[in-house]
Amino acid sequence: MSHEHFETLAIHAGQEPDAATGAVVPPIYQVSTYKQDGVGGLRGGYEYSRSANPTRTALEENLAALEGGSRGLAFASGLAAEDCLLRTVLTPGDHVVIPNDAYGGTFRLFAKVAERWGVRWSVADTADADAVRAALTDRTKVIWVETPTNPLLGITDIARLADVARTAGARLVVDNTFASPYLQQPLALGADVVVHSTTKYMGGHSDVVGGALVTSDAALGEELAFHQNAMGAVAGPFDAWLVMRGVKTLAVRMDRHCANATRVAEMLAAHPKVTEVLYPGLPGHAGHEVAAKQMRAFGGMVSFRVAGGEEEAVAVCDRTKLFTLGESLGGVESLIEHPGRMTHASVAGSLLEVPGDLVRLSVGIESVDDLLADLTDALR
Ligand SMILES: *Cc1c(COP(=O)(O)O)cnc(C)c1O
């Protein structure tokens, strides 16, 4: 690929017109097996669709290009991607540092699944490099980072933690779901592996569940690909195609998500019923300067705390009409949710518990005036 700008790669990387027909979009190869030209005579390396499928290959090459990596791998969900990564790089007794504000499902994967297989973990505020250093053990193999975090929108300095990881002989893993590669490129900042829930901004239309891993370490890429095939939680052809279709418009969607979220955050910050707005684009946000350094813009997620506590926060979620009450994020339509009772119910009572008066918005790409009016009505 000679074109290097993100918007061009998003549309073309891994997606040459089909050799047989000239189809400009990679077809959905809804197929399990492939004719061999004599035993072992594979056409293009395809023998069985768990190992490789042309539609999935197109997506995997595209994802690698967008993150600036050498290897991309597409999975059935974000958590399937995370599980494959953990079982590739960890053995019993190894230790992992995870953020004190990790995605609830990621925390559950460590605390309820990996721990039973002998993986040890500690929680740290990854925005504080000293706190991460203090959490390291002589068996720490992975430092896990989300930035921005979910749902508190905390920011971690990726380059700084890449230094910490390198010194410790650990790998830095960055969950780039909230930013997307259009806003932030962790590999270029020193991360070893990028994780995605492609369910969110990459797919972008709330119509597919998927996950991905991208690395620029060729040897690790091979090991991950081995485990992807050996464990089998691959993205199906139609799901891979939907993510690829979504990614083509990622740049224009993200521009609008960011612009709308900025307006929403500013409106909420001035609203008397709102006690705090968590958005890295606001100058008062603790991570604003780091975010400005490592991100192109500040993303489409906004969280805020409501005066009147948990009951009032739940009531606001019930009152919006345009913001749909629902889990997930990153689609073209705006969503609202109460993390404490919904997405983050699984971390209740743990070190990762979120405040009860917190509301999370996934700001969509509708008319911002309609979005502001809906929130204003709901807060009245
Ligand atoms: C949704 C999400 C995941 C998990 O992905 P699934 O596709 O739901 O399995 C992981 N990390 C973050 C930040 C997420 O938002």
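What counts, and at which threshold
Residues numbered from 1 in each chain as written. Predicted model: local features only at pLDDT ≥ 70, side-chain atom pairs only at ≥ 80, totals over all residues. Heavy atoms only, no water. UniProt positions renumbered as here; feature names shortened; annotations may be inferred. Salt bridge = Lys/Arg side-chain N within 4 Å of Asp/Glu carboxyl O. Helix = DSSP H or I, 4+ residues; strand = E, 2+ residues; numbered from the N terminus. Contact = heavy atoms within 4.5 Å. Expected span 1.5 Å × (residues − 1). Buried < 20%, exposed > 50% of the residue type's maximum accessible area, 1.4 Å probe, protein only. Arc of directions from axis to C-beta. Polar contact = N/O pair within 3.5 Å; in protein donor to acceptor, adjacent residues only side chain to side chain. Pairing = 2+ DSSP bridges. Phe/Tyr/Trp six-rings, centres within 6.5 Å; stacked < 30°, edge-to-face > 60°. Near = heavy atom within 4 Å. Areas by Shrake-Rupley, 256 points an atom, 1.4 Å probe, with all protein chains shown as cover.

In the nomenclature of an unreviewed UniProt entry, the protein chain corresponds to Cystathionine gamma-synthase from the organism Streptomyces chumphonensis. Taken verbatim from the UniProt record of the protein chain, the Cofactor (unreviewed entry) comment is "pyridoxal 5'-phosphate". As recorded by UniProt, the Sequence similarities (unreviewed entry) comment attached to the protein chain reads in full: "Belongs to the trans-sulfuration enzymes family."

Engineer: I'd love a proper account of the pattern of salt bridges, names of residues and values included.
Structural biologist: Summed over the entire model, instances satisfying the criterion amount to 17 salt bridges. For Arg 133, the salt bridge goes to Asp 130, with nearest N and O atoms at 2.6 Å. Of the two residues, Arg 133 and Asp 130 both sit in helix α5 (residues 129-135), 3 residues apart, roughly one turn of that helix. The shortest N-O distance in the salt bridge between Arg 305 and Asp 357 comes to 2.9 Å. Pair noted here: Arg 305 is in strand β9 (residues 301-306) and Asp 357 is in the loop between β11 (335-337) and β12 (358-362), with a separation of 52 residues, a long-range link.

Engineer: Mind laying out the UniProt feature "modified residue: N6-(pyridoxal phosphate)lysine" (unreviewed entry) in the protein chain, listing which residues take part and the relevant values?
Structural biologist: On the UniProt side, "modified residue: N6-(pyridoxal phosphate)lysine" (unreviewed entry) is annotated at positions that read Lys 200 here. Looking at the secondary structure, you find Lys 200 in the loop between β6 (193-197) and β7 (211-215). Other than its neighbours up to four places away in sequence, Lys 200 contacts Thr 177, Ser 328, Leu 329 and Gly 330.

Engineer: Give me helix α8 (residues 218-231): which residues, what numbers.
Structural biologist: For α8, with 14 residues, the first-to-last C-alpha span of 20 Å sits near the 20 Å given by 1.5 Å per residue. Those residues of α8 lying buried are Leu 220, Gly 221, Leu 224, Ala 225, His 227 and Gln 228. The arc that holds every buried residue of α8, seen down its axis, measures 165°, which confines them to one face. In α8, the exposed positions that point more than 90 degrees away from the buried face belong to Ala 218, Ala 219, Phe 226 and Ala 230. For α8, the N-terminal cap is Asp 217; the gap from its side-chain oxygen to the backbone nitrogen of Ala 219 is 3.1 Å.

Engineer: Help me get a handle on the sheet that holds strand β8 (residues 274-278), residues and values and all.
Structural biologist: If you walk across this open sheet you meet the 5 strands as β8-β9-β12-β11-β10, and the pairing is mixed. Each of the sheet's edge strands pairs with one partner strand only, and the pair in question is β8 and β10 (324-325). Pairing geometry for β8 and β9, over 4 bridges, is antiparallel. Paired with Glu 276 across the two strands is Arg 305, which belongs to β9.

Engineer: Before we move on, can you summarise the packing of aromatic side chains with the specific residues and values?
Structural biologist: Both the distance between ring centres and the angle between the ring planes are used here to describe each pair of aromatic rings. By the definition in use, this model includes 5 aromatic pairs. Where Tyr 34 meets Tyr 46, the ring centres are 5.7 Å apart and the plane angle is 35°; that geometry is what we call tilted. Here Tyr 34 is found in the loop between α1 (6-12) and α2 (54-67), whereas its partner Tyr 46 is found in the loop between α1 and α2, with 12 residues between them in sequence. Residues Tyr 34 and Tyr 46 agree in their burial class; the two are buried. Here Phe 110 and Trp 144 contribute two aromatic rings whose centre-to-centre distance is 5.5 Å and whose plane-to-plane angle is 80°, an arrangement assigned as edge-to-face. Within this pair, whereas Phe 110 is found in helix α4 (residues 104-113), its partner Trp 144 is found in strand β4 (residues 140-146), the two being separated by 34 residues in sequence.

Engineer: Could you give an account of the site of the ligand, naming the residues involved and the relevant values?
Structural biologist: Lining the immediate surroundings of the ligand are 15 residues, of which Gly 78, Asp 175, Ser 197, Thr 199 and Lys 200 lie closest. Leu 79 is positioned with one of its backbone polar atoms (N or O) 2.9 Å from an oxygen atom of the ligand. Separating an oxygen atom of the ligand from a side-chain N or O atom of Ser 197 is a distance of 2.8 Å. Here the ligand, which alone exposes 380 Å², has 92% of that area covered by the protein. It is helix α3 (residues 78-89) that provides the largest number of residues to the shell around the ligand, a total of 3 residues.

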